Amino acid sequence: MAEKLQKLLIILPCYNEEEILPSTIKTMKKLLTSLVKEKKVSPESKICLVNDGSKDKTWEIISQTCAQDKMFAGIKLSRNFGHQSTIIAGMYSVDADLYVTIDADLQDNPECIAEMLKCVEEGAEVVYGIRKSRKTDSIFKRTSAQLYYRLLNLFGVDVLYNHADYRLMSRRAVETLKQFPERNLFLRATVPLLGFKTAQVYYDRTARTAGETKYPLNKMLALAWNGVSSFSIVPLRIVTFLGLFICFLSVLFLIYLFYRYSAKGTVVGWASLVTIITIFSGVQLLSLGIIGEYIAKIFVEAKKRPLFIVEETLNLDDKEKIKD
Ligand code: UDP
Ligand code: MG
């Protein structure tokens, strides 16, 4: 039992969260204090607020909090890099034994962290937070999410149903994640590729209590497409099969034409020609588009631009900072 307590880092990505941040800070402080008191984690554990280029007072709030309380650390990214890169920035910049990532609006029940730690005691290196239901979502979000998870599974992408980015990872899991150098991030599909012993905890997701969603439809669609195109080549394969199928159809059509011609039938109609040209142009453009999407991915990956750029850090000593 005299084992050394593990240092926990709770990472909260923050983008224009001034409205909700004060209450989030209070809740998280209470939670981590009790985890330390109950000797579940080491007293060096911290709550790391990562500012993703917010345009409101988010960074001011983070700075004030860090000045008053050593339990908090702050990371300021040089501009907006997006949710996925912000989580990564927290994990790759600070040294800890265990990392938990959770959204700053605390829609995902933070009380589950204690349960996650229990799974760690049982040997888990990755613990996924899974929503029990989607009651608090709009009908649109619920149905589109369900369809999307089905599609991903159909395309052979390994993701856990109703798991987003609320998870715990051990130091070893994070070190292994660093070996995945891709820029097109979709963490919920990359993390299952790590392997190791995993566990799941279940919770009810609540509605956002302040501020509005920072994931409007266009960002959500971009992330969704990233999930498909970065992890599955099935769309490209569909193009190939579609091409083969249409070639087969055209052979049949040629046979038919030949038959009409030899049977001295009427002149082949204009309408059928136009139909065929339209169908073929559509399929060709679609196929080119899909191939183009994948080439665009290669283009982005080839540039190897940094995933995030840290402008400033607060309450992190040299020992805690990870320099690459
Ligand atoms: N977020 C971020 N950068 C962005 C967009 C969002 O760091 O460009 C953060 C945001 O502050 C929040 C989390 O990502 O902590 C999830 O966003 P949100 O709660 O708005 O998404 P939703 O729950 O509506 O899907
Ligand atoms: Mg949210």
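Scroll up a little and you will see the structure.
Residues numbered from 1 in each chain as written. Chains lettered and ligands numbered in written order. Predicted model: local features only at pLDDT ≥ 70, side-chain atom pairs only at ≥ 80, totals over all residues. Heavy atoms only, no water.

(A) Examining the site of ligand 1 more closely. Taken together, the neighbourhood of ligand 1 is formed by 20 residues, with Glu17, Asp52, Asp105, Thr213 and Lys214 sitting nearest. Between proline 13 and ligand 1, the recorded distance is 2.7 Å, taken from a backbone N or O atom to an oxygen atom. Between ligand 1 and the protein, one listed contact pairs an oxygen atom with a side-chain N or O atom of lysine 141 at 3.2 Å. Burial of ligand 1 by the surrounding chains reaches 95%, relative to a free accessible area of 530 Å². For the shell around ligand 1, the elements supplying multiple residues, two or more each, are strand 1 (8–14) and helix 3 (83–93). Classifying every residue of the shell around ligand 1 by side-chain character gives five nonpolar, six polar and nine charged. (Near = heavy atom within 4 Å. Polar contact = N/O pair within 3.5 Å; in protein donor to acceptor, adjacent residues only side chain to side chain. Areas by Shrake-Rupley, 256 points an atom, 1.4 Å probe, with all protein chains shown as cover. Helix = DSSP H or I, 4+ residues; strand = E, 2+ residues; numbered from the N terminus. Nonpolar A, V, L, I, M, F, W, Y, C, P; charged D, E, K, R; others polar.)

(B) Broad picture of the sheet that holds strand 8 (residues 310–314). Strands sit in the order 7-5-6-4-1-2-3-8 across an open sheet of eight strands; the sheet is mixed. Only two strands of the sheet have a single partner each, and these edge strands are strand 7 (198–203) and strand 8. Recorded for the sheet is a direction-independent mean angle of 20 degrees between the axes of neighbouring strands. Sheet topology places strand 5 (residues 126–131) next to strand 6 (residues 163–170); four bridges connect them, and they run antiparallel. Paired with isoleucine 130 across the two strands is histidine 163, which belongs to strand 6. (Pairing = 2+ DSSP bridges. Axes fitted to C-alpha atoms, helices over the stretch in contact; angles between N-to-C directions.)

(C) Representation of the layout of surface pockets. The volume enclosed by the second largest pocket comes to roughly 410 Å³. As for the second largest pocket, its lining consists of eleven residues, and the residues nearest its centre are Glu3, Lys4, Leu5, Lys40 and Glu121. With three residues, the single largest contributor to the lining of the second largest pocket is helix 4 (residues 112–121). For the lining of the second largest pocket, the class distribution of residues is five nonpolar, one polar and five charged. (1 Å grid on protein atoms, 1.4 Å probe; cavity = no way out; pocket = protein on both sides within 12 Å on 5 of 7 lines; lining within 4 Å. Points joined across faces, edges and corners; volume = space filled by probe spheres on them.)

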